[in-house]
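Structural description and commentary
Below are the chains, spelled out letter by letter.
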Amino acid sequence: MTVSSAPGKVYLFGEHAVVYGEPAVPCAIERRATVSVTARDDDHVRVEASDLSLDGFTVEYAGSTDDRPDVDVPAGLVEAAMGYIDAAVEQARDAADAPGAGFDITVESEIPLGAGLGSSAAVTVAGIDAATRELGTTLSPEAIADRAYRAESAVQKGEASRADTFCSAVGGAVRVEGDDCRRIDAPDLPIVVGFDGGAGDTGELVSGVRALKERYGFAADTVETIGDIVRTGERLLDPDADDSGAGVDAADRIAEVGDLMNFNHGLLESLGVSSRSLDSMVWAAREAGAHGAKLTGAGGGGCIVALDPTPETLTALRFTPGCEEAFRAELATDGVRRLE
Ligand SMILES: Nc1ncnc2c1ncn2[C@@H]1O[C@H](COP(=O)(O)OP(=O)(O)OP(=O)(O)O)[C@@H](O)[C@H]1O
Ligand SMILES: C[C@@](O)(CCO)CC(=O)[O-]
Ligand SMILES: [Mg+2]
């Protein structure tokens with residue numbers, strides 16, 4: 001058996017705009033998906049993903065193409081839910097030049113699904129890494145990132161950037177602009193996450209932004225302005241990379257990163273990807289004294305990210321109607337981790 005894990009992420013800034021070639025800065029967080037893979041004698045794929053919940057159903061299923069799960073859920077839903085694992089298996093078979101390889105796969109995850117914390121990227125990255133190693137091929141984190149991007153892109157019908165998968169594969173804070181992906185130095189950030197218990201559909205939300213952008217010039221400008229926020233923010237995170245932020249006190253720089261996150265949230269809201277519960281968690285964090293707060297990931301529901309070194313935001317979120325869970329998130333310095 002081969003076991004790999006990969007982290008989820010929050011976006012400090014840049015989601016959605018990154019799909020159109022603007023830069024984005026996601027940060028990996030210590031919430032992981034763990035995938036265990038054992039090669040089979042035949043070409044079947046059996047998947048156990050017990051925390052996969054589909055509109056209120058929790059299913060445990062087996063089979064990739066032939067023996068689909070025996071549950072009372074429409075086949076299309078299961079197909080959609082299994083897409084990332086199927087795509088990861090395809091990438092691993094291709095990388096190891098073993099088109100007929102079969103696997104028993106178990107997925108365990110601490111990352112809520114569809115909530116903006118990159119569960120799909122983490123499952124895909126860990127799945128590709130474990131399955132390729134099980135077949136005797138070891139890829140670099142960058143090669144895993146590239147294959148995971150191709151897998152996510154296929155499932156999301158081309159509506160994906162490299163940001164989530166690169167961040168999950170290499171860990172830390174990263175900067176992604178088109179095909180240019182790199183790790184960046186970032187200070188230790190006091191990250192707090194609020195989760196409304198809900199989810200958004202990444203593909204649908206991305207299409208919504210695309211439609212607005214095609215219809216209105218000012219929506220296209222909004223996407224470009226998000227890029228400007230990222231270009232300003234990255235100089236604050238890593239003043240050594242560019243001396244425009246040098247000489248500014250570290251605490252002041254983190255406070256300014258918070259201002260930029262607030263600005264970024266407003267623009268995401270105007271692009272139609274926020275929700276009432278995300279907005280109310282953002283406001284709860286701001287009123288509690290957070291440096292800044294914004295939705296993270298595709299939006300529509302799910303998580304917000306705030307910066308606050310004090311316990312105030314965490315406490316306020318826990319008392320905010322609509323917030324189901326709030327936690328402090330450690331930056332994950334490791335990306336994909338090889339456990340067995
Ligand atoms: N534990 C898991 N087991 C199996 N599949 C999972 C698991 N976690 C996530 N997935 C897959 O990822 C899908 C969710 O991906 P989606 O991109 O919609 O949200 P996300 O990655 O959590 O958030 P975002 O992309 O906004 O950061 C699930 O529907 C499922 O197909
Ligand atoms: C909305 C989006 O920018 C981030 C989802 O976590 C989509 C993507 O980059 O693939
Ligand atoms: Mg995703």
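Residues numbered from 1 in each chain as written. Chains lettered and ligands numbered in written order. Predicted model: local features only at pLDDT ≥ 70, side-chain atom pairs only at ≥ 80, totals over all residues.

According to UniProt, the "domain: Galactokinase N-terminal" (unreviewed entry) feature falls on residues 3-37. End-to-end, the C-alpha atoms of residues 3-37 are 6 Å apart, and along that stretch the chain is 0% helix and 69% strand. (UniProt positions renumbered as here; feature names shortened; annotations may be inferred. Helix = DSSP H or I, 4+ residues; strand = E, 2+ residues; numbered from the N terminus.)

UniProt feature "domain: GHMP kinase N-terminal" (unreviewed entry): in the numbering of this structure it lies at residues 84-172. Counting secondary structure, residues 84-172 comes out at 57% helix and 8% strand; the distance between its end C-alpha atoms is 23 Å.

What follows is about the pairing of strand β6 (residues 103-109). Residues F103, I105, V107 and S109 line the buried face of β6, whereas the alternating positions D104, T106 and E108 sit on a face that is not buried. As paired strands, strand β2 (residues 25-39) and β6 are joined by 7 bridges and run antiparallel to one another. Bridge pairing in β6 places T38 opposite D104. Bridge count between strand β3 (residues 45-48) and β6: 4 bridges; the pairing is parallel. Looking at β6, one finds that V47 is bridged to I105. (Buried ≥ 20, exposed ≤ 12 C-beta atoms within 10 Å, placed from the backbone. Pairing = 2+ DSSP bridges.)

Attention now goes to the pairing of strand β7 (residues 173-177). Along any regular strand, the residues point their side chains to alternate faces of the sheet. Among the 5 residues in β7, 4 count as buried, and that is most of the element. Bridging between β7 and strand β8 (residues 180-184) involves 5 bridges; their strand directions are antiparallel. In the sheet register, R175 faces β8, and the bridge partner there is R182. Between β7 and β8, which pair antiparallel in sequence order, lie 2 residues; one of them, G178, sits at a positive phi of approximately 60°.

Before going further, it helps to examine the site of ligand 2. Surveying the vicinity of ligand 2 reveals 13 residues, the closest of which are E15, A160, S161, G297 and A298. Only α4 (163-170) and α5 (202-215) provide two or more residues apiece to the shell around ligand 2. Residues belonging to the shell around ligand 2 are distributed by class as follows: 6 nonpolar, 5 polar and 2 charged. Of the domains in this structure, domain 1 (2-185) and domain 2 (191-329) are the two that each give at least three residues to the shell around ligand 2. (Near = placed C-beta within 6 Å. Nonpolar A, V, L, I, M, F, W, Y, C, P; charged D, E, K, R; others polar. Domains from an automatic or database assignment.)

In this section: the confidence of the model for the protein chain. Per-chain confidence: the protein chain averages 90 in pLDDT, with 89% of residues scoring 70 or above. Taken over the whole predicted complex, pTM reads 0.92, whereas the ipTM for its chain interfaces reads 0.96. (pLDDT = per-residue confidence, 0-100.)

Moving on, we come to helix α3 (residues 141-155). For α3, spanning 15 residues, the distance from its first C-alpha to its last is 21 Å, which sits close to the expected 21 Å at 1.5 Å a residue. Within α3, the full set of buried residues consists of I144, A145, D146, R147, A148, Y149, A151, E152 and V155. (Expected span 1.5 Å × (residues − 1).)

A few words now on unusual backbone geometry. With a phi close to 70°, H16 is a non-glycine residue in the positive phi region. Secondary-structure assignment places H16 in the loop between β1 (2-13) and β2. On the neighbour-count criterion, H16 (27 C-beta atoms within 10 Å) is buried. In this model, D97 sits at a positive phi of 55°, which is unusual for a non-glycine residue. You can see D97 is positioned in the loop between α1 (75-95) and β6. Owing to 9 C-beta atoms within 10 Å, D97 belongs among the exposed residues under this scheme.

A word on the domain arrangement of the protein chain. If you check the domain split of the protein chain, you get domain 1 (2-185) and domain 2 (191-329). With 31 residues of domain 1 at the contact, the number on the domain 2 side is 38 residues. Elements supplying a minimum of two residues to the side of domain 1 that touches domain 2: β1, β2 and β7. Taken together, the residues of the side of domain 1 that touches domain 2 sort by class into 17 nonpolar, 6 polar and 8 charged. (Contact = placed C-beta atoms within 7 Å.)

Glancing now at α5. For α5, with 14 residues, the first-to-last C-alpha span of 20 Å sits near the 20 Å given by 1.5 Å per residue. Looking at the buried side of α5, the elements it contacts are α6 (217-237).

Below, the discussion takes up the packing of α6 against helix α7 (residues 250-270). Taken N-terminus to C-terminus, the directions of α6 and α7 make an angle of 165°; their axes are 10 Å apart at the nearest point. Classified by the angle between their axes, α6 and α7 sit roughly antiparallel to one another. For α6 against α7, the interelement crossing comes out left-handed. Contacts from T222, T225, I226, I229, T232, G233, L236 and L237 of α6 reach α7 at R253, E256, V257, L260, F263, N264, L267 and S270. Looking at side-chain class alone, the contact of α6 with α7 contains 8 nonpolar, 6 polar and 2 charged residues. (Axes fitted to C-alpha atoms, helices over the stretch in contact; angles between N-to-C directions. Parallel < 35°, antiparallel > 145°, perpendicular 65-115°, else oblique. Left-handed = near helix turned anticlockwise from the far one by under 90°.)

Attention shifts here to the sheet that holds strand β9 (residues 191-195). In space, the 4 strands of this open sheet follow the order β10-β11-β9-β12, with antiparallel pairing throughout. Each of the sheet's edge strands pairs with one partner strand only, and the pair in question is β10 (292-295) and β12 (325-329). The sheet shows a mean angle of 20° between the axes of neighbouring strands, taken without regard to direction. Bridge count for β10 against strand β11 (residues 303-307) is 4 bridges, and the pairing is antiparallel. Looking across to β11, one finds that K294 is bridged to V305.

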